[in-house]
Amino acid sequence: MLVKICAFKQASFTRTNPATGQNPLSCPKPTDHFSLYASEQAKAEQEDPDPVSCSLQSSEGPTSHIMIEADRELSAMVQDIWDKDVNRLKPGTDYRISLQGKAGPVNADMNDDMNDDNDGAGYPLFSFVDERIFKKESFLAFISLLDNYESDTGEPEIVTPEEEAENHKFLDCMLRTPTMKIAHKYLVEKQLSPEGLPEFKKQLYRIWFELYARRGASKPDSSGFEHVFVGETRGGRTVIGFHNWIQLYLQEKLGHIDYKGYSVNANSPQPDENKHILALQFSWKNGIKPKGSIFVGVSPEFEFALYTLCFLVSPNERVKVFFSIYEVDIVCHHYNQKHIGTTYPVLVKYIK
C-alpha cells in the first residue's frame, strides 16, 4: 500500500479533538523537501487523474495537501529524534556490513538448503561491530529482553517475574532517553498519551509487551516487542517480524543467521553500506525471511520512540516521513487498536 498507489480516507487525516475543536495534526509552513514532494505529486495528478492509481487521492477526492501537512509535522518530530540519537553508530567506523549480491526469489515451502541456489551472499552481513556500544545502558536493557521469548507462533508465551522486571527496567531506561522525551512531549501535546510518566509507561507496556494471540493461536503467543525486535517463526518455515539490526548481528554471530543478500526492486534505491536502512533476505532457525527491512546502526531508543510515535499518531498502516537523507515509509500494523502487530521502515529514496 505504497503512498504512490494507495487510496487514503480523507477523514483519517482530519481527526478533530472534541475537547479543543482543533486538528491534532495541524502543521507549520512546508519545508523544502515537502514543497518539492507536493510539486511532484501535483504534476503526477495532472498526468494521471485516476483516483485509484493517482498518488495521494482518496475515494472522497484529492487529499494530497492533507497527507503532506500531516507528514510534515511528524517528519519534524522524527528529525528531532534522529538528531538526538546520541548512541547511533557510524557506518564504516563503529560497524561495517558487506552487502555482497542481490538475493534471489525463494520458495517458503522449501527448506533453507533447497533455497541455496538463490543465495547472493557467501559471507555474513556484519564484518565488524564495535561491541563497546553494547555496554551502554539502553543497549544492555534491550539485549536483556532478546532471550525472553519462544519464537514459534502458536507456542504460548509465559512471562516470568524476572522477565517482567526486565521489561519494566527497559521501559524506565527508554523514558530517560532524549529520544523518548521528545516523543512523549509531542504525544502529550496531541492528547494521545498521558502526561504523567507512570501512566505513559503503562501505555507503552500495553502497546509493546502485553501478550496477544496471533493468527491460528488459541492462547497468547506474541507481543509487539517480540515480533518487531526479536522475530518469530511460523510453521517452522517462515520468519515473521525480526526488524532489528542488533538481534540480527547477535544471532548471526552465534551462527543462527544465514544472510542471503540484499533485496531491491525496480522502484527502490540501490542499497548502500554507508546508509542506515537496508532491505535484505536471510534465514533463521530453519525458516526463511524472503524480504525484511531494518534500520542499521541506530539505537534501541531511536526505534522505540519512532515506532511508538507512528503507532499512536497515524490511524493508517503506512506513514511517510522525511528525515536526514531519507524518505521512508513506516509500516505500522495495529492489532485490535491496542498493540503493535508489526512495524518496520521501507526506504523510498535518498533525498540528498
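Residues numbered from 1 in each chain as written. Predicted model: local features only at pLDDT ≥ 70, side-chain atom pairs only at ≥ 80, totals over all residues. Heavy atoms only, no water.

### So, the overall build of the chain
Next up, step 1: A tally of helices and strands in the chain yields nine helices and 12 strands.
Next up, step 2: Considering the chain as a whole, with its 352 residues, one finds that 53% of them fall into the buried category.
Next up, step 3: Counting only contacts in the chain whose residues sit at least 6 apart along the sequence, the fraction spanning at least 24 positions is 67%.
Next up, step 4: Accessible surface, the chain: about 16,000 Å² in total, of which carbon and sulfur atoms supply 51%. (Helix = DSSP H or I, 4+ residues; strand = E, 2+ residues; numbered from the N terminus. Buried < 20%, exposed > 50% of the residue type's maximum accessible area, 1.4 Å probe, protein only. Contact = heavy atoms within 4.5 Å. Areas by Shrake-Rupley, 256 points an atom, 1.4 Å probe, with all protein chains shown as cover.)

### With respect to the packing of aromatic side chains
Next up, step 1: With the rule as written, the count across this model stands at 31 aromatic pairs.
Next up, step 2: With a centroid separation of 5.4 Å and an interplanar angle of 75°, the aromatic rings of Phe-126 and Tyr-249 are classed as edge-to-face. Of this pair, Phe-126 sits in strand 4 (residues 126-129) while Tyr-249 sits in helix 8 (residues 245-253); the two residues are 123 residues apart in sequence, bridging distant segments of the chain. Of the two residues, Phe-126 and Tyr-249, both sit in the buried class.
Next up, step 3: Cation over ring: Arg-88 sits above Trp-82, and NZ or CZ is 3.8 Å from the ring centre. (Phe/Tyr/Trp six-rings, centres within 6.5 Å; stacked < 30°, edge-to-face > 60°. Lys NZ or Arg CZ within 6 Å of the ring centre and 35° of its normal.)

### Focus on the pattern of salt bridges
Next up, step 1: What the rule picks out here adds up to 15 salt bridges.
Next up, step 2: A salt bridge links Glu-73 to Lys-190; the shortest N-O distance between them is 3.2 Å. Here the residue Glu-73 occupies a position in helix 2 (residues 64-83), and Lys-190 occupies one in the loop between helix 5 (178-189) and helix 6 (197-208), the gap between them amounting to 117 residues.
Next up, step 3: Exposure remark for Glu-73: the relative accessible area of 13% places this residue in the buried category. (Salt bridge = Lys/Arg side-chain N within 4 Å of Asp/Glu carboxyl O.)

### Describing the environment of Arg-176
Next up, step 1: Positionally, Arg-176 belongs in the loop between helix 4 (161-175) and helix 5.
Next up, step 2: Considering only alpha carbons, one finds Arg-176 and Glu-301, 125 residues apart in sequence, at a separation of 9.6 Å.
Next up, step 3: Beyond its immediate chain neighbours, meaning those up to four positions away, Arg-176 contacts Glu-137 and Lys-181.

### Concerning the nonpolar core
Next up, step 1: Phe-170, Trp-208, Phe-225 and Trp-245 are the most contacted members of the largest nonpolar core, which totals 80 residues.
Next up, step 2: Sorting elements by how many residues they give to this core places helix 9 (residues 300-313) first, with 10 residues.
Next up, step 3: Those residues in contact with Trp-208 that sit more than four places away from it in its chain are Ser-223, Gly-224, Phe-225, Val-228, Phe-229, Phe-304, Tyr-307, Thr-308, Ile-340 and Thr-343. (Core = buried A, V, L, I, M, F, W, Y, C linked by side-chain atoms within 4.5 Å.)

### Looking at the environment of Ser-283
Next up, step 1: Residue placement: Ser-283 occurs in strand 8 (residues 277-284).
Next up, step 2: The sequence separation of Ser-283 and Thr-238 amounts to 45 residues, and the corresponding C-alpha distance is 8.6 Å.

### What about the pairing of strand 8?
Next up, step 1: By the criterion of burial, strand 8 is predominantly enclosed, with eight of the eight residues buried.
Next up, step 2: Taking every second residue as pointing to the same face, both faces of strand 8 are buried, with Ile-277, Ala-279, Gln-281 and Ser-283 on one and Leu-278, Leu-280, Phe-282 and Trp-284 on the other.
Next up, step 3: As paired elements, strand 7 (residues 257-262) and strand 8 share five bridges and run antiparallel to each other. Within strand 8, the residue paired with Tyr-262 across the bridge is Leu-280.
Next up, step 4: One ladder, built from seven bridges, connects strand 8 with strand 9 (residues 287-295); its direction is antiparallel. (Pairing = 2+ DSSP bridges.)

### Digging into the confidence of the model for the chain
Next up, step 1: For the chain, per-residue confidence averages 81 on the pLDDT scale, and 76% of positions sit at 70 or higher.
Next up, step 2: Residue range residues 1-31 is modelled with pLDDT below 50. Its contacts to residues more than four positions away, or to other chains, number 83 contacts.
Next up, step 3: Taken together, the stretch residues 33-70 has pLDDT below 50 and engages in 72 contacts with residues farther than four places along the chain or on a different chain. (pLDDT = per-residue confidence, 0-100.)

### Structural notes on the side chain of Gln-247
Next up, step 1: Mapped onto the fold, Gln-247 is located in helix 8.
Next up, step 2: Looking at Gln-247, the relative accessible area reads 3%, which means it is buried.
Next up, step 3: Setting aside its immediate chain neighbours within four residues, Gln-247 contacts Leu-146, Phe-229, Val-230, Phe-242 and Trp-284.

### What about helix 9?
Next up, step 1: For helix 9, with 14 residues, the first-to-last C-alpha span of 20 Å sits near the 20 Å given by 1.5 Å per residue.
Next up, step 2: Summarising burial for helix 9: 14 of the 14 residues are buried, a large majority. (Expected span 1.5 Å × (residues − 1).)

### Looking at the environment of Gly-104
Next up, step 1: Looking at the element boundaries, Gly-104 is found in the loop between strand 3 (95-97) and strand 4.
Next up, step 2: Sequence spacing of Gly-104 and Gln-281 is 177 residues, and the spatial spacing of their C-alpha atoms is 8.7 Å.
Next up, step 3: For Gly-104, the contacting residues outside a window of four places in its chain are Asn-118 and Gln-281.

### Observations regarding the packing of helix 4 against helix 6
Next up, step 1: Contact geometry for helix 4 and helix 6: axes closest at 11 Å, N-to-C directions at 120°. Of the possible angle classes, the one that applies to helix 4 and helix 6 is oblique. In this structure, helix 4 crosses over helix 6, and the sense of that crossing is right-handed. Contacts between helix 4 and helix 6 involve Glu-164, Asn-167, His-168, Leu-171, Asp-172 and Leu-175 on the former and, on the latter, Leu-197, Phe-200, Lys-201, Leu-204 and Tyr-205.
Next up, step 2: Split into classes, the residues belonging to the contact of helix 4 with helix 6 amount to six nonpolar, two polar and three charged. (Axes fitted to C-alpha atoms, helices over the stretch in contact; angles between N-to-C directions. Parallel < 35°, antiparallel > 145°, perpendicular 65-115°, else oblique. Left-handed = near helix turned anticlockwise from the far one by under 90°. Nonpolar A, V, L, I, M, F, W, Y, C, P; charged D, E, K, R; others polar.)

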